[in-house]
Amino acid sequence: MDIISVLYVVFVLLFAIIYYIVPKKIQWIVLLVASLFFYISTSALLTLLMLATTAITYIGALIIQRNKELYNITRRETPKEERKNLKSTFNKKQKTTLTIIVLLIISGLVFTKYSNFLGGILNAVCSIFNAPSIFPTFNIVLPLGISYYTLMTISYVVDVHRGSINAERNPFKLLLFVTYFPHIVEGPFDRYKSLSEQFERPHKFNYSNAISSIELIVYGYFKKVFVADTVGTLVNIVYENILDESGTVVVMVALLYTVQLYMDFSGCINIVSGVSELFDIKIADNFRQPFFSKSIDEFWRRWHISLGLWLKEYVFYPISLSESFKRINKWSKNTNIKFVADFIPLAYSLFFVWLFNGLWHGASVKYIAYGLYYYALMMLGKIFEPLFNKGCCRLKIRRDTKIFGAFQIFRTFVIVNIGMLLFKCETLNVFGILMSKVLTSVNISDIISVLLISRKALISLAAALVVLFVDLLKEKNIDIRMWLQNHCFVFRWIALLFLIFALLLLGNYGIDSGKAAALYAQF
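Residues numbered from 1 in each chain as written. Predicted model: local features only at pLDDT ≥ 70, side-chain atom pairs only at ≥ 80, totals over all residues. Heavy atoms only, no water.

A. How the structure looks around the packing of aromatic side chains. Under the counting rule described, the total for this entry stands at 49 aromatic pairs. When the centroid spacing of 5.5 Å and the interplanar angle of 80 degrees are considered together, the rings of F351 and F352 count as edge-to-face. The class of F351 is partly exposed, set by a relative accessible area of 30%. The residue whose ring lies beneath K223 is Y262, and the NZ or CZ to ring-centre distance is 5.6 Å. The aromatic ring of Y239 is capped on one face by K424, whose charged end is 5.0 Å from the ring centroid. (Phe/Tyr/Trp six-rings, centres within 6.5 Å; stacked < 30°, edge-to-face > 60°. Buried < 20%, exposed > 50% of the residue type's maximum accessible area, 1.4 Å probe, protein only. Lys NZ or Arg CZ within 6 Å of the ring centre and 35° of its normal.)

What follows is the structure in structure tokens.
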């Protein structure tokens, strides 16, 4: 079931009605039934893999919780002089248990998403030694949301291990967390504690909140169907013969694809966030005006926020506490050079974060390069920051001015668009060819010829400016949805009807529309 379909809208409205009719104590069961129905209708037999992952997570978390309870009992009965050894033994056992559980959880993801990639590497090694290929290529269909629910189940068992939460005794409540249908398609990554507390409490229908939710849903469809899919059609047409085009066209494709991806991803997040709010459940934020960022690290704090927080919590921190990190940190401090002591440990930890970021997006060398592209830029920024600061001082450039801030935003936007072009290209070789065209082949007249391909795309780009204006208001701490809700009943309905009519009259529909279900759903 595609979230960009009439069937999905009917499905949501039907279960929303049931949700508010049934007794408050069983509302979470309605959400579970809806989520399972949505998942099974989309994934069929592949649902079994999701159920297996949930079962492993449920049992594994109970084992970790039980070990902690037994330890606490044993510790009270153990003499003080022996407690240190007891704690050391317990910690080693818990780490081993956690490692086994995490490996079991990710096994399904590794097989379905990365087996051909890893097999290709193994076969390439064999070819170096003139040995025959030993790993076959599998034709595997990815289960719905496997990259999302795998990481969320890992966060759950790690949180149980850390003591942040207690293991859930009811397997169906854990299953609801895993399959909750608004976030299963393309995120965001939610934490168990946040959602479970909301699932537990009773929810009463509120008209104002319902209208606010519908506004967010319609706004998401506006971004996705009207802007992203229409611009995406133009991108597909131009990109089909991109190797024969000039560098100017390459730049335009990069810009248009950036618009498409942002409108698609953020639009879908708006849709699922609005759907979840319709059930009075708040899911994690995933975007915060990313194109107003003044640096790359700020951009990634605003873009796909929940993934960044997951990587920080479950990759960066564990690496920073590892024995290998402690050895590197000790060595760097022994150099007695402050920059080295600060830079080397940070570079070590962030390397794994960005490597994982790239791999999460896909099993391909280009996705690894995509992650390491940002890593390299961040590290270069750290290295040259002192020189840059000195240069600004000597040239008497004030870094707190609006002009300098605008320069930083523009610089970040250019860097992001290069990254988006890499994200779009099939291979690194294609990316290299296109970048060389940008530097050597310029034809300004191509701008008009590309834009004239589709008048509808031009209208959609104008609509993208509306979204940019809304983001600008948010950047100034003005939430236009809340403002309309609190101040102007008439304008609120005018805005809602405008979005609906724009969707109906100008939305990208039909077999030949080039419409993509959800770009980030494939990751």
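B. Examining the nonpolar core more closely. Among the nonpolar cores identified, the biggest contains 138 residues, and Y8, F38, Y156, F279 and W303 are the most heavily contacted of them. Among the elements that take part in this core, helix α10 (residues 247–278) stands out by supplying 17 residues, more than any other. Once residues lying within four places of it in the same chain are set aside, the contact partners of F38 are M1, I3, Y8, F11, L144, F181, I184 and V185. (Core = buried A, V, L, I, M, F, W, Y, C linked by side-chain atoms within 4.5 Å. Helix = DSSP H or I, 4+ residues; strand = E, 2+ residues; numbered from the N terminus. Contact = heavy atoms within 4.5 Å.)

C. Local environment of empty space enclosed by the protein. For the coordinates displayed, the defined rule picks out one cavity of 30 Å³ or more. Counted as a void, the largest cavity has a volume near 60 Å³. Along the walls of the largest cavity sit W28, E168, K173, L176, F177, Y192, S196, F199 and E200, which together make up its complete lining. Looking at the lining of the largest cavity, the elements that each hand over two or more residues are α6 (171–179) and α8 (192–200). The element contributing the most residues to the lining of the largest cavity is α8, with four residues. (1 Å grid on protein atoms, 1.4 Å probe; cavity = no way out; pocket = protein on both sides within 12 Å on 5 of 7 lines; lining within 4 Å. Points joined across faces, edges and corners; volume = space filled by probe spheres on them.)

D. Seen up close, the environment of V315. Looking at the secondary structure, you find V315 in helix α12 (residues 305–320). Note on V315: relative accessible area 10%, which makes it buried. For the pair V315 and W354, spaced 39 residues apart in sequence, the C-alpha separation works out to 9.8 Å. The contacts of V315, once residues within four sequence positions are left out, are W310, F352, V353 and F356.

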